[in-house]
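Working through the structure, step by step
What follows is the residue order along each chain.
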Amino acid sequence: MSASPPIPSPPMAATAPIEERLKALAGYLAAALPDAASSSEIRHGELCVRVESAALPRVLGFLRDDPKCRFTLLCDICGVDFPDRARRFEVVYNLLSMSLNQRIRLKLETDETSPVPSATGLYSSAGWWEREAWDLYGIYFAGNPDLRRILTDYGFEGHPLRKDFPLTGYVELRYDEQQKRVVYEPVRLPQEFRSFDFLSPWEGMDKILPGDEKAGDEKAGDSSAPPGGTP
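A quick note: this is a predicted structure, and the numbers were derived from the prediction, not measured.

This brings us to the overall build of the protein chain. The number of helices and strands found in the protein chain is five helices and nine strands. Written out in order from the N terminus, the α and β elements of the protein chain read α-β-β-α-β-β-β-β-α-β-β-β-α-α. Burial status across the protein chain gives 30% buried among its 231 residues. Counting contacts in the protein chain only where the partners sit at least 6 residues apart, residues at least 24 apart contribute 46% of the total. On the protein chain, roughly 15,700 Å² of surface is accessible, and the fraction owed to carbon and sulfur atoms is 56%.

We now examine a nonpolar patch on the surface. Taken together, the side chains of Tyr170, Val171, Leu173 and Tyr184 make up a nonpolar region of the molecular surface, amounting to roughly 480 Å² of accessible area. For tyrosine 184, a relative accessible area of 39% corresponds to the partly exposed category.

This paragraph deals with the sheet that holds strand E2 (residues 46-51). A sheet is described by the order of its strands in space; here five strands give the open sequence E1-E2-E5-E4-E3, paired in mixed fashion. Looking at which strands have only one partner, the edges of the open sheet turn out to be strand E1 (37-43) and strand E3 (73-81). On average, adjacent strands in this sheet sit at an angle of 20° to one another, irrespective of strand direction. Summarising the sheet, E1 and E2 pair through six bridges and their orientation is antiparallel. Within the sheet, the bridge partner assigned to serine 39 lies in E2 and is arginine 50. Contacts from helix H2 (residues 56-65) reach E2, strand E4 (89-97) and strand E5 (102-110), with the element oriented near 175° to E5. Running at roughly 10° to E3, helix H3 (residues 126-137) makes contact with E3 and E4 of the sheet.

Right, let's get into H2. When H2 is considered as a whole, its buried residues turn out to be Leu56, Val59, Leu60, Gly61, Phe62 and Leu63. For H2, the secondary structure elements touched by its buried residues are helix H1 (18-32), E2, E4, E5 and strand E6 (116-117).

Here we come to H1. Taking 1.5 Å of rise per residue, the 15 residues of H1 would be expected to cover 21 Å, and the 21 Å separating its terminal C-alpha atoms lies within 8% of that figure. Looking at the buried residues of H1, the elements they touch are E1, E2, H2 and E5.

Summary statistics for the protein chain give a mean pLDDT of 82 and a share of 74% for residues scoring 70 or more. Mean pLDDT across the secondary structure elements of the protein chain bottoms out at helix H4 (residues 201-204), with 57, and peaks at E6, with 97. Counting contacts from residues 1-10, a segment whose pLDDT is below 50, to residues more than four positions away or on other chains yields six contacts.

Residue position: asparagine 94 is located in strand E4. Its relative accessible area of 16% is what places asparagine 94 among the buried residues. Within the local environment of asparagine 94, its side chain forms a polar contact with the side chain of arginine 105, the two groups lying 2.9 Å apart. Filtering out sequence-adjacent residues up to four positions away, asparagine 94 remains in contact with Leu73, Leu74, Cys75, Asp76, Ile104 and Arg105.

Attention shifts here to the pattern of salt bridges. If you walk through the whole model with that rule in mind, you get 19 salt bridges. Between aspartate 81 and arginine 88 there is a salt bridge, with the nearest N and O atoms lying 2.7 Å from each other. Judged by its relative accessible area of 3%, aspartate 81 falls in the buried class. The exposure class of arginine 88 is buried, given its relative accessible area of 5%. Residue arginine 174 pairs with glutamate 185 through a salt bridge whose shortest N-O separation is 2.9 Å.

Residue placement: valine 49 occurs in strand E2. On the basis of relative accessible area, valine 49 is assigned to the buried category, the value being 4%. Along the chain, valine 49 and serine 38 lie 11 residues apart, while their C-alpha atoms are 7.5 Å from each other. Ignoring anything within four residues of it in the chain, the contact list for valine 49 reads Leu29, Ala37, Ser39, Ser40, Ile104, Arg105, Leu106 and Lys107.

Quick look at the nonpolar core now. Formed by 36 residues in total, the largest nonpolar core has its most connected members in Leu29, Leu63, Tyr93, Leu95, Ile104 and Leu106. Contributing elements (two or more residues each) for this core: H1, E2, H2, E3, E4, E5 and H3. A per-element tally of this core places H2 first, with five residues. Excluding residues within four positions of it along the chain, isoleucine 104 makes contact with Leu29, Leu47, Val49, Leu63, Phe71, Tyr93, Asn94 and Leu95.

Thresholds applied
Residues numbered from 1 in each chain as written. Predicted model: local features only at pLDDT ≥ 70, side-chain atom pairs only at ≥ 80, totals over all residues. Heavy atoms only, no water. Helix = DSSP H or I, 4+ residues; strand = E, 2+ residues; numbered from the N terminus. Buried < 20%, exposed > 50% of the residue type's maximum accessible area, 1.4 Å probe, protein only. Contact = heavy atoms within 4.5 Å. Areas by Shrake-Rupley, 256 points an atom, 1.4 Å probe, with all protein chains shown as cover. Patch = residues over 30% accessible without salt bridge, like charges linked within 9 Å, V, L, I, M, F, W, Y side chains within 5 Å. Salt bridge = Lys/Arg side-chain N within 4 Å of Asp/Glu carboxyl O. Pairing = 2+ DSSP bridges. Axes fitted to C-alpha atoms, helices over the stretch in contact; angles between N-to-C directions. Expected span 1.5 Å × (residues − 1). pLDDT = per-residue confidence, 0-100. Polar contact = N/O pair within 3.5 Å; in protein donor to acceptor, adjacent residues only side chain to side chain. Core = buried A, V, L, I, M, F, W, Y, C linked by side-chain atoms within 4.5 Å.

Right, here's the structure in full:
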């Protein structure tokens, strides 16, 4: 029975300051993936690396399997919308290395039509996160085996978290108990417009609240008492 090869030591000892460890990890990734990691920075005690969309599976696989990284836990995948940019979406991946007690954040840019490679082949939790990003932002993940809406109705049109998503419309939806499904209906406003008084009740209320009359009696009694106290 042959002995397993020794695991290489991490770029820096775990007892080193977190800032130095993250800088060492950034240099290690830049040397190992020079054509995939375009830039990196350290913010709030975490390393943030920008990668190219096509290189995402290779970068994720390296971070998961390399013994000096061991980022085996995918905590989250989320989207950010910048509608004024040509590639309006940023896809953010948050990874955690339990053995090294380190976190890393990957960011990539894409647009409304360019698909992002799915991470489901590397992390089983990626399927749910990618479905959420697709549902709310419309970011398409190529290779996801079950890319369906997860938070909105299956017949819903549009993606609610886009910055240009309309805030008002002509239809509303609700769950109909008799039909046992979600139904769309014209917007109804049963209440008439009301005029609200936003003045603070402590400053603008004329009527005396229950108990306030006692405070007036105490003030009157204090003004008639002699300065030396009760007679």
